[in-house]
Amino acid sequence: MYEEIIRPLLSEKRFRHSVNVSKSAGQLAIKYGADVEKAKVAGMLHDIMKEKTPEEYEKLVQDFGVKLDEFQISAKKLLHAVIGSKYVEKVLGINDSDILNAVRYHTTGRSGMSKLEKIIFIADCISEDRDYKGVDEMRKLADKSLDEAMLAGLKDSIEILTESEKPIHTDIFNAYNEFAFKLKSKKNKNTKDILNRICEILDKKKAINVNVACIKDISAFTDYFIFASGTSTTHVKALADEVKFKLKEEGIFPRKKDEYSESWILLDYGDIIVHIFTEETRKLYNIEELWNK
Ligand SMILES: [Fe+2]
Ligand SMILES: [Fe+2]
């Protein structure tokens, strides 16, 4: 039904985009337990006012009695979302506030976004017709976590706007900060859990002298080192294999390929790097001492 409403209002390209966003929004709604019908409708309608002329926007602002802020006055990209939401409410007669807000905030996001609002923002970034550099990464994030995809999408928006020295709407910053704080505390908790898990795996496999160094205040590339020794190169390899195997079972994968020598294996889990050595190599390089200083 809404497909037929937007068709005469949009170019073929924008129409196809809207249909694709509706489809992606429906899929995300299924995945994350949101209302699928609402997601499809909001996705279909999100750009309904995207292709108006400045004169038409001016008239619509007056007709709908919209009070624009200084950002919206200067940026058409923002205006289509504000006017779009009003059009959906006043012309199409949709009163569902979640749908209206999903259309309203699909370009900027805002603090306290609902699940549907996040879904429309993200569906707009990952719909089938999108082919910008990094879209595959965004699709993977969207499949993993709505909040992580939101943070990445907002970060992209901020980067694009700062590169061209355009003003950035406060809603974008508010949304960005909220997701950044939320994910940081979650990440800290997750890191601690993984840290404990790795130590447990190493202990069970009889690693010698398992030691953790917190280096987040002095290192820009990781937060923790775990040091452990094996009794032989065979034991070193067995320990590394066990950590990788057990973590893989729990869906945790190294960030890159292991750095590997017979007597020193390094596993890189991003915020945690695990060093497993023979006792001789551990003593010889003594990197523990360096980082513990
Ligand atoms: Fe849009
Ligand atoms: Fe869009």
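Here the structure is shown first, and the text comes after it.
Counting restarts for each chain: residues are numbered from 1 in the order of the written sequence. Labels are handed out in written order, letters beginning with A for the chains and numbers beginning with 1 for the ligands. Selection of residues for local features in this predicted model requires a pLDDT of at least 70, selection of side-chain atom pairs for listing and counting requires 80 or more, and totals for whole chains, interfaces and linings are taken over all residues.

S.K.: I would appreciate a short explanation of the overall build of the chain in the present structure.
M.R.: Working definition: helices are DSSP H or I runs of at least four residues, strands are E runs of at least two. Numbering for both runs from the N terminus. Within the chain, the secondary structure is distributed over 14 helices and 5 strands. Rg of the C-alpha trace for the chain: 25 Å, well past the compact-globule value of 19 Å for 293 residues, more than 25% over. Each principal axis of the C-alpha distribution contributes one length, and for the chain these read about 80 × 35 × 30 Å. Per-residue burial over the chain gives 34% buried out of 293 residues. Computation of the radius of gyration draws on C-alpha atoms alone. For the globule rule, the value is 2.2 Å times the number of residues to the power 0.38. As a rule, residues whose C-beta atom has 12 or fewer other C-beta atoms within 10 Å are exposed, those with 20 or more are buried, and those in between are partly exposed; C-beta atoms are placed from the backbone.

S.K.: What exactly am I supposed to notice about the packing of helix α7 (residues 97-104) against helix α8 (residues 115-126) here?
M.R.: Geometrically, a packed helix pair is captured by the angle between its two axes and the distance between the axes. Contact pair α7 / α8: the axes reach a minimum separation of 8 Å and the direction vectors enclose 35°. As for how α7 packs across α8, the hand of that crossing is right-handed. Side by side, α7 and α8 meet where D98, N101 and A102 of the first sit next to L116, E117 and I120 of the second. Asp, Glu, Lys and Arg are counted as charged, while Ala, Val, Leu, Ile, Met, Phe, Trp, Tyr, Cys and Pro are counted as nonpolar; the rest, among them Gly, fall into the polar class. Among the residues forming the contact of α7 with α8, the class breakdown is 3 nonpolar, 1 polar and 2 charged. Between N-to-C directions, angles span 0 to 180 degrees; the directions come from axes that are lines fitted to C-alpha atoms, helices contributing only their stretch in contact. When the near helix sits turned anticlockwise from the far one by under a right angle, the crossing is termed left-handed; a clockwise turn instead gives a right-handed crossing. Residue pairs are scored as contacts if the distance between their C-beta atoms, which are placed from the backbone, is within 7 Å.

S.K.: Just to check I follow, could you spell out helix α11 (residues 170-204) for this structure?
M.R.: Think of an α-helix as turning once every 3.6 residues; residues three or four places apart then point the same way. With 35 residues, α11 extends 51 Å between its outermost C-alpha atoms, agreeing within 8% with the 51 Å of an ideal straight helix rising 1.5 Å per residue. Those residues of α11 that are buried are in contact with α10 (146-163), β1 (208-214), β2 (224-230), α12 (233-249) and β5 (272-278). Taken from the residues just after α11, K206 is the one with a positive phi, measuring 65°. The length a helix should cover is 1.5 Å for every residue beyond the first.

S.K.: In this structure, what is going on with the environment of S111? I would like to understand it.
M.R.: Among the structural elements, S111 can be located in the loop between α7 and α8. Owing to 13 C-beta atoms within 10 Å, S111 belongs among the partly exposed residues under this scheme. Sequence spacing of S111 and V41 is 70 residues, and the spatial spacing of their C-alpha atoms is 23 Å. Discounting residues that sit within four places of it in the chain, S111 has contacts with N174, A175 and E178.

S.K.: So what exactly am I meant to see when it comes to the sheet that holds β5 here?
M.R.: In space, the 5 strands of this open sheet follow the order β1-β2-β5-β4-β3, with mixed pairing throughout. Since the sheet does not close on itself, it has two edges, and those belong to β1 and β3 (259-261), each with one partner. For this sheet the average axis-to-axis angle between neighbouring strands, irrespective of direction, equals 15°. When DSSP finds at least two bridges between two strands, those strands are taken to pair. The pairing of strand β4 (residues 264-268) with β5 spans 5 bridges and is antiparallel. Paired with W264 across the two strands is F277, which belongs to β5.

S.K.: I'm lost on unusual backbone geometry in this one. Help?
M.R.: In most cases, non-glycine residues show a negative phi, while peptide bonds are predominantly trans. The phi angle at E165 is positive, at roughly 55°, despite the residue not being glycine. With a phi close to 50°, N209 is a non-glycine residue in the positive phi region. With respect to the helices, strands and loops of the structure, N209 is situated in strand β1.

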